[in-house]
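What follows is each chain in one-letter form.
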Amino acid sequence: MDLDPEGLFRDDSDSESEFYQEKDFTKEFVVYLVDASPKMFGAAGSDEDEKTDTHFHVAINCISQSLKAQIIGSSYDEVAVCFFNTKEKKNLQDLNGVYVFNVTDRECLDRPTARLIKEFFYVEDTFMSNIGSRYGIVSGSQENSLYNALWVAQALLRKGSSKSVSKRILLFTNEDDPFGSITGATKTDMIRMTLQRAKDAQDLGISIELLPLSRPDEGFNVSIFYAELLGLEGDEISHFLPSAGEKLEDMTDQLRKRMFKKRKVKTIRFSIANGICIEVNTYALIRSTSPGSIMWLDSITNLPLKTERSFVCADTGALVEEPRIYFHPYKNEIIKFSTDELSKIKKVSNGQLHLLGFKPLDCLKDYHNLRPSTFIFPTDEEVVGSTRIFIALHRSMLRLQRFALAFYGSLYRPQLVALVAQDEITGSSGQVEPPGMHMIYLPYSDDIRHVEELHMSADAIAPRATDDQIKKASALLRRIDLKDFSVCQFTNPALQRHYGILQALALGEDEMPDIKDETLPDEEGLSRPGIVRALQEFKISVYGENYDQEEANAAAAKGCGSEASRKRKAMAETAARESASYDWADLAENGKLKDLTVVELKYYLTAHNLPVTGKKEALISRILTHLGK
Amino acid sequence: MARNKEAVVLLLDVGPSMHSVLPEVERVCSMLVQKKLIFGKSDEVGFVLFGTDDTYNELQKEVGGYEHIVVLRNIGVVDGNAVGFLQNLPRGNFPGDFIDAIVVGIDLLIKKFGPTNKGKQRICLITDAKYPIKEPYEGTKEDQVNTISQMMQTHGIRLDCIVIREKLPGADLRVMEENDSLLDQFSRKAIAKIVHVDSPTSLLGALKTRNISPVTVFRGDLELSSTMKIKVWVYKKTSEEKFPTLKKYSGKAHSSDKFATYEVKVDYEYKSMEDPDKVVPPEQRIRGYRYGPQVVPISSAEWEAVKFKPEKGVKLLGFTDASNILRHYYMKDVYIFIPEPGNQKAIVAVSAIARAMKDMNKSAILRCVWRQGQGNVVIGVLRPNISSVDNIPDSFYFNVLPFVEDVREFQFPSFRSFPSSWQPNEQQQEAADNLVKMLDLTPSEGEEVLQPDYTPNPVLEVSYCFTQTVSPTCYDKIRRFYHFLDLKSKQPDADVPPLDRNLRGITEPDPAVFSCHKSVIDNFHKNFELKEKPKKKKSSKRAWRGKPSASSEEEGVDGEASGFQSSNLMKDSSNINVEKIGNLNPVQDFEAMMARRDSSKWVSKAIKEMQNHVSDLLENSYEGDAYSKAIECLLALRKGCILEQ
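What counts, and at which threshold
- Residues numbered from 1 in each chain as written.
- Chains lettered and ligands numbered in written order.
- Predicted model: local features only at pLDDT ≥ 70, side-chain atom pairs only at ≥ 80, totals over all residues.
- Heavy atoms only, no water.
- UniProt positions renumbered as here; feature names shortened; annotations may be inferred.
- Helix = DSSP H or I, 4+ residues; strand = E, 2+ residues; numbered from the N terminus.
- Buried < 20%, exposed > 50% of the residue type's maximum accessible area, 1.4 Å probe, protein only.
- Areas by Shrake-Rupley, 256 points an atom, 1.4 Å probe, with all protein chains shown as cover.
- Pairing = 2+ DSSP bridges.
- Right-handed = clockwise from strand over helix to strand, strands pointing away.
- Expected span 1.5 Å × (residues − 1).
- Polar contact = N/O pair within 3.5 Å; in protein donor to acceptor, adjacent residues only side chain to side chain.
- Domains from an automatic or database assignment.
- Axes fitted to C-alpha atoms, helices over the stretch in contact; angles between N-to-C directions.
- Contact = heavy atoms within 4.5 Å.
- Salt bridge = Lys/Arg side-chain N within 4 Å of Asp/Glu carboxyl O.

- An unreviewed UniProt entry lists chain A under the name ATP-dependent DNA helicase 2 subunit KU70, with Elaeis guineensis var. tenera given as the organism.
- As stated in UniProt under Subcellular location (unreviewed entry), the record for chain A gives "Nucleus".
- On record in UniProt, under Catalytic activity (unreviewed entry), the comment for chain A is "ATP + H2O = ADP + phosphate + H(+)".

Quick look at the structure:
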């Protein structure tokens, strides 16, 4: 078991950036081993006529999605894709029935590239013609494709030390009895060999995980063969993914979740009372994904540039070393701080989580939030008994509807936190919410703004809705109801577009992809007569009959009423008039624009609704661009 | 006055009943002044004390009356001396009359700014309002309050009132009720806010020491549909107050240079990899975006042409049950949607929807693009905020929700699947229940300790403190900074002050609460045992402060074979040289001993002890519960012997 360096040595490197992305101390190498036997190409659903999806398709889909997630997460994990039970063979060992899928400019085990994602996505279309499918283990033959596949996978994972890299083989198959077709001594022999091969791999620090695919009517019986291969014992077998879901989508979901490897942020101590101090791991389950950092390149060579930082004394212009002293002006003086003093100020607590007490859940208001929450889960790794205390508190808090208030003394920002117990929620696609506690970062009084009071008027009682108006609103709420809304059902359109463009550019495609924005409201749904009626009734009830008309009038009145807008309008008119008296095209043609004054240039810009900021050259170039020169 | 300039008059009650909290009052007021020195250098402050032995105010000279009120500092631009005034407030021996004090405060403001200059004018009253106020010469007290409110309103003066009352027996309830109702009358008739606090720590949080003028994030329509829109303004409700940005210091300037800035500028130069001497000019630089191992160069013009450009607008996607959105999905700081000020129809519309949402326990899902040209959309949840104050309209809170890409669906084992040795038994569960019940921070109805709204940031406090002389009291991180700043201005070599007693209540459990439920905690303590795994320890620096007595005191609570576990567990974890095979991790101890190379005796000792351990295990086993452990040990023993051969 590898000792995690994070928990012990990371206290000092605690910083804001770390909060948002956990550092990858361990890279991960994964080989996706996909069964390509004809059985995988059989229909996966129970209704043969309806579903045309195959298990093979499900597996390809999952891997595709996970490759995309990896490339977006800009991780340094390396992957290889390998099919077995194939007609063709392609592998270093030249073993039969194993095909290592790869694209140009890439090692077999390497970080995913745009091309890999793209070609892999379409691998099914040409699979039969290029790679082919057939049963690898048949009676009368000495071939053992599963054995070969494990061997190839193990060979692929040879690089990298097992200390710094976690290595995994993910096996996708729907055959629970791979040696079912043969009998006798050959069978036992083959089983023995395969198990030995798997064991060797595991001894080398490679973990093998099975992602079974099965049809609803015939479960995947893991105990026939795979339990032994995976080294499952006793209870573990029954806990092992009891059955694939009812629906194929659920299965995809399940597989996708299981493909992730958990990564903790750090291990912290949670001090409860009188020296009882348990240990918990923290996980960043929710963090906003950003488009990633940019790099500066030389536009001629497209090679990355080196950034050099230099410190210049503002008074003398002399180059100085990176200063260790900071200052703040105060009362016309300069107060100096050394970096040590600053870190001392920030150090309020020792990085532990201190329990302060408990409060009912309704004390946690909607505005008590600052940052994404952190998930905590107990660990018995160093302090035995932590889990038991954690579970006991977890249950009590759930039952009594309380949350724990604690002080989290992280160096980056020591903060009060609410620990909200979350019970496990499972759905048809497996675990939806893991059991544990969510750490919610609470604001201080300094962070809360009392905006409501800003527009408070004395004497004027703010009107409240009448019961009838509330009833109309309730009717509306009932109409526009998102029944099965789940929190993360939308993909981020900006991010999707960003990576869509990058993928297209990386592959040298001209066509920019069209990304659908899922976040737009359902116009069609909202125009259903029932909803329209409810909206109309509500509108009349709160606004009165002729609201639109009044609004239009008000807007018209405002149009000529507001001082600023009138001025702006007048300016635009003058500009348009003045601008018309110049022959801009001619001036531009003869390079005479620079002879005009800035004021004159701005006439053109204002008249054409262009920005008027910048130096004269900027204005001129903007005019030229607009004229299409 | 300038837009962001404000004038504040602090009215501080220094009467006998206030003496216990005056140190905190001094501090919170100093903080206010210190922050003004940094963030609002042209703001003006004045201090008025009431309940004093002396009397010194202009009203007394002009019209008489107004006794025991001292104008400590007339209104003027903040300066360093202002902090000095607040260091040692005189303790008065007379009951203070807060109505008189308010009148004096208003008088100061009116005299200073006259009827024409209506800037931001604020009166902060800190009192415990325990003493009856004097009967006015004419009319009732209520009439008097009305007149004063009227005056405040015409001059645009706000009143912030903090009533601090620690739980003290023997106070005159009737008087306090009367005073409270008078103060409440202010909040109805004038622009006033009354806050009741019950601990000095809350006092630190209750007074807004920094004046931030909020800006709207969005003004426009909340579109329920294309035909039904509500005009709203959106502000930030919470926003992290950061540690102040410090400038880098350069001591190069000549000491006679009066205009020296002492600043350090940072220059960035971009150089090509092949030729480190060549600086690449900005126009020759191009942005590269990472895509896997590739870096894709895109010019900003190209990027502008293809990037995602949503239309500005706030649109409703629908309503959903509040239970569909778990609390931990809230992503960022919180926004507040208020109906357009003064727009009665918008106020009613917001009110109707907010109240309907509250009644039906629904949330609304919105898609927001705050500005035109914003590169992204925001999906979030709208929750009702029903106003409890008559002249504040209902509003909504808005929290940002994650996208698919932002969520990592890690799978965790179910607690039920854990072995029984990790599960609490009934007795332990009861101890936990009691702990959760008793360590209650909401001791009685309406009371709540450490409410975020009144809890200051300790770090900011202390830093402000640093700039002050070593006052024994300093606050939490940002506060800490300000304290330190002030301290340093007086004593350049000052050390970072320790965390103040009151602020410690934020970072550490309150000893009072904990000691009063000592039995519950002790019971909890007794029911659970914790053991440190010695082998896993890498650094001995990490203090695990378990009391050794805890683990030896009790045993067998869980009916598991804990008898052989609880002895011999508290060994020094930093001791890497294992000298004997313990009961907790015999295999690891064995391996450690086998690996010791300082003397050959360890190997034989290890083998011997391991043999004994295995036979002990087998002998002491109850219904075979230790067999698996014994086999583990045996395996380790065998492996070790093979290696040693």
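### Let's talk about the overall build of chain B
Part 1 of the reasoning: Helices and strands together make up the secondary structure of chain B, namely 20 helices and 18 strands.
Part 2 of the reasoning: Within the span of chain B, comprising 645 residues, buried residues form 54% of the whole.
Part 3 of the reasoning: A total of about 28,600 Å² of accessible surface is found on chain B, and carbon and sulfur atoms cover 50% of it.

### Describing the pairing of strand 4 (residues 165–173) of chain A
Residue and element names in this part refer to chain A.
Part 1 of the reasoning: Where burial is concerned, most of strand 4 is hidden: nine out of the nine residues are buried.
Part 2 of the reasoning: By the alternation rule, side chains of strand 4 split into Val165, Lys167, Ile169, Leu171 and Thr173 and Ser166, Arg168, Leu170 and Phe172, which are all buried.
Part 3 of the reasoning: Pairing geometry for strand 1 (residues 27–35) and strand 4, over eight bridges, is parallel. Bridge pairing links Lys27 to Val165 in strand 4.
Part 4 of the reasoning: In terms of strand pairing, strand 4 meets strand 5 (residues 206–212) through seven bridges, oriented parallel. Residue pairing in the sheet places Ile169 in a bridge with Ile208 of strand 5.
Part 5 of the reasoning: This β-α-β element, strand 4 to helix 7 (residues 184–203) to strand 5, shows right-handed connectivity.

### Quick look at helix 6 (residues 145–156) of chain A
Residue and element names in this part refer to chain A.
Part 1 of the reasoning: Along its 12 residues, helix 6 runs 16 Å from first to last C-alpha, staying within 8% of the 16 Å computed at 1.5 Å per residue.
Part 2 of the reasoning: For helix 6, the tally of buried residues reaches 11 of 12 residues, placing the bulk of the element in the interior.
Part 3 of the reasoning: Those residues of helix 6 not exposed but buried are Ser145, Leu146, Tyr147, Asn148, Ala149, Leu150, Val152, Ala153, Gln154, Ala155 and Leu156.
Part 4 of the reasoning: The opening residue of helix 6, the one whose side-chain oxygen lies 3.3 Å from the backbone nitrogen of Leu146, is Asn144.

### Observations concerning the domain arrangement of chain A
Part 1 of the reasoning: As far as domains go, chain A holds domain 1 (23–259), domain 2 (266–289 + 350–447), domain 3 (311–346), domain 4 (482–517), domain 5 (521–559) and domain 6 (563–627).
Part 2 of the reasoning: Centre-to-centre separation of domain 5 of chain A and domain 6 of chain A, based on C-alpha positions: 40 Å.

### Brief notes about the sheet that holds strand 2 (residues 78–84) of chain A
Residue and element names in this part refer to chain A.
Part 1 of the reasoning: Here five strands make up an open sheet; going across it, the order is 3-2-1-4-5 and the pairing mixed. If you trace the sheet from one side to the other, it starts and ends with strand 3 (98–101) and strand 5, each paired once. With direction set aside, neighbouring strand axes in the sheet form an average angle of 20°.
Part 2 of the reasoning: Two elements, strand 1 and strand 2, share seven bridges in a ladder whose sense is parallel. Bridging across to strand 2, Tyr32 finds its partner in Val81.
Part 3 of the reasoning: Contacts between helix 3 (residues 55–72) and the sheet are confined to strand 1, strand 2 and strand 4, with strand 1 contributing the most and set at about 165° to the helix.

### Considerations on the pattern of salt bridges
Side-chain pairs of opposite charge can arise whenever the charged atoms involved come near each other.
Part 1 of the reasoning: Taken as a whole, this structure holds 23 salt bridges over all chains when the rule is applied.
Part 2 of the reasoning: A salt bridge links Asp481 of chain A to Lys362 of chain B; the shortest N-O distance between them is 3.2 Å. Pair noted here: Asp481 of chain A is in the loop between helix 13 (467–479) and helix 14 (493–506) and Lys362 of chain B is in strand 15 (residues 362–369), and the two residues belong to different chains.
Part 3 of the reasoning: Close ionic contact of Asp394 of chain B with Arg355 of chain B constitutes a salt bridge, the shortest N to O distance being 2.7 Å. You can see Asp394 of chain B sitting in the loop between strand 16 (378–385) and strand 17 (395–400) and its partner Arg355 of chain B sitting in helix 9 (residues 344–360), a full 39 residues away along the chain.
Part 4 of the reasoning: Among the ionic contacts, a cluster of salt bridges with common partners joins Arg464 of chain A together with Arg355 and Asp394 of chain B.

### Re the environment of Ile169 of chain A
Residue and element names in this part refer to chain A.
Part 1 of the reasoning: In this fold, Ile169 is placed in strand 4.
Part 2 of the reasoning: Along the sequence, Ile169 and Leu157 sit 12 residues apart, while their C-alpha atoms lie 8.9 Å from each other.
Part 3 of the reasoning: Apart from residues lying up to four places away in sequence, Ile169 is in contact with Val31, Leu33, Ala153, Leu157, Ile206, Ser207, Ile208 and Glu209.

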